[in-house]
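# Coordinate analysis (summary)
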Amino acid sequence: MIILLLMGIEKKGKILVHVCCGPCATSSIKRLLDEGWEPLLFFSDSNIWPEEEFEKRYSTLLQVASFYNLPVIKDEYHHEKWREWVKGFEDEPEHGKRCQRCFRFNLLRTEEKAKELGISSFCTTLTVSRFKNSKTIFHEGEDLEGFEAIDFKKKDGFALSCAISKEMGLYRQSYCGCEFSKGKLDD
């Protein structure tokens, strides 16, 4: 706390961070730390398919967490539960209603975990991607208790995430995560 005060950074407290992947976590974590937050990382991404990809992204996140010396909580993989959540929206185009429902699913899981842990604030790294509409994500989280609408794209967040990821030699996926986005560059 003294170091933060000397640096002119106001300590903001703990924040549960929904993390979609290691590369998106890089600049998001840096910004949170720079702003005085104490991030706890939450990997909750049952939308990712196949499960081997889920594990690969989790492994990459562990590299990032180790670099920043931060703890990670891994949620259970419930792809069938996620499929039920987006049922009827499978044929929606990328950035459509299926994606909105997916954002909501992940934010609800994060809100639930934050309450369970007694953490009053949470956010998501999804907003760092230039392929995601932050306003849509904010809309899906605006009614959730403790949701912090942080646009990690700001302050050159996406470019910084690419640079840090390259420097760290991180695996970068070529699709958002679900089977419906596979084959479409949307990370």
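The present account deals with the structure reproduced in this document. Think of each chain on its own: its residues are numbered from 1, step by step along the sequence as written. Where local features are concerned, this predicted model is filtered to residues with pLDDT of at least 70; where side-chain atom pairs are given and counted, the filter is 80 or more; whole-chain, interface and lining totals use all residues. Note: side-chain values were computed over all heavy atoms of the structure, leaving out hydrogens and water.

### A closer look at the packing of aromatic side chains
This is how the line gets drawn: Each Phe, Tyr or Trp ring (for Trp, its six-membered ring) is paired with any other whose centre lies within 6.5 Å, and the angle between the two planes then decides the class: stacked below 30 degrees, edge-to-face above 60, tilted in between. Here a helix means four or more residues in a row that DSSP labels H or I, a strand means two or more in a row labelled E, and each is numbered from the N terminus. The buried label goes to any residue with under 20% of its type's maximum accessible area, the exposed label to any with over 50%, and the partly exposed label to all in between, with areas taken from a 1.4 Å probe on protein chains only. Comment: the charge-over-ring label is applied if NZ (Lys) or CZ (Arg) is within 6 Å of the ring centre and within 35 degrees of the ring normal.
Across all of its chains, the model carries 9 aromatic pairs by this definition. Consider the rings of Phe54 and Tyr77, whose centres lie 4.7 Å apart with planes at 50°: the pair is tilted. Taken as a pair, Phe54 in helix α3 (residues 51-68) and Tyr77 in the loop between β3 (72-74) and α4 (79-85) lie far apart in primary sequence, 23 residues in all. A relative accessible area of 1% places Phe54 in the buried class. Here the aromatic cluster, defined as three or more aromatic residues joined through ring pairs, consists of Phe43, Phe54, Tyr58 and Tyr77. A cation sits over an aromatic face here: Lys56 above Tyr171, 4.2 Å from the ring centre.

### Description of helix α2 (residues 22-34)
Note that an α-helix has 3.6 residues per turn; residues three or four places apart therefore point the same way. Basically, it comes down to this: By definition here, a helix of n residues has an expected span of 1.5 Å times n minus one.
Its 13 residues place the ends of α2 18 Å apart at the C-alpha level, agreeing with the 18 Å of an ideal helix rising 1.5 Å per residue. Of all 13 residues in α2, 10 are buried, a share of seventy percent or more. Inspection of α2 places Gly22, Pro23, Cys24, Ala25, Thr26, Ser27, Ser28, Ile29, Arg31 and Leu32 among the buried residues, and these make up the whole buried set.

### Focus on unusual backbone geometry
Of note, the amide linkage connecting Trp49 to Pro50 takes the cis form, showing an omega dihedral of -5°. Residue placement: Pro50 occurs in the loop between β2 (37-43) and α3. Its identity as a non-glycine residue notwithstanding, Lys155 has a phi of 60°, on the positive side.

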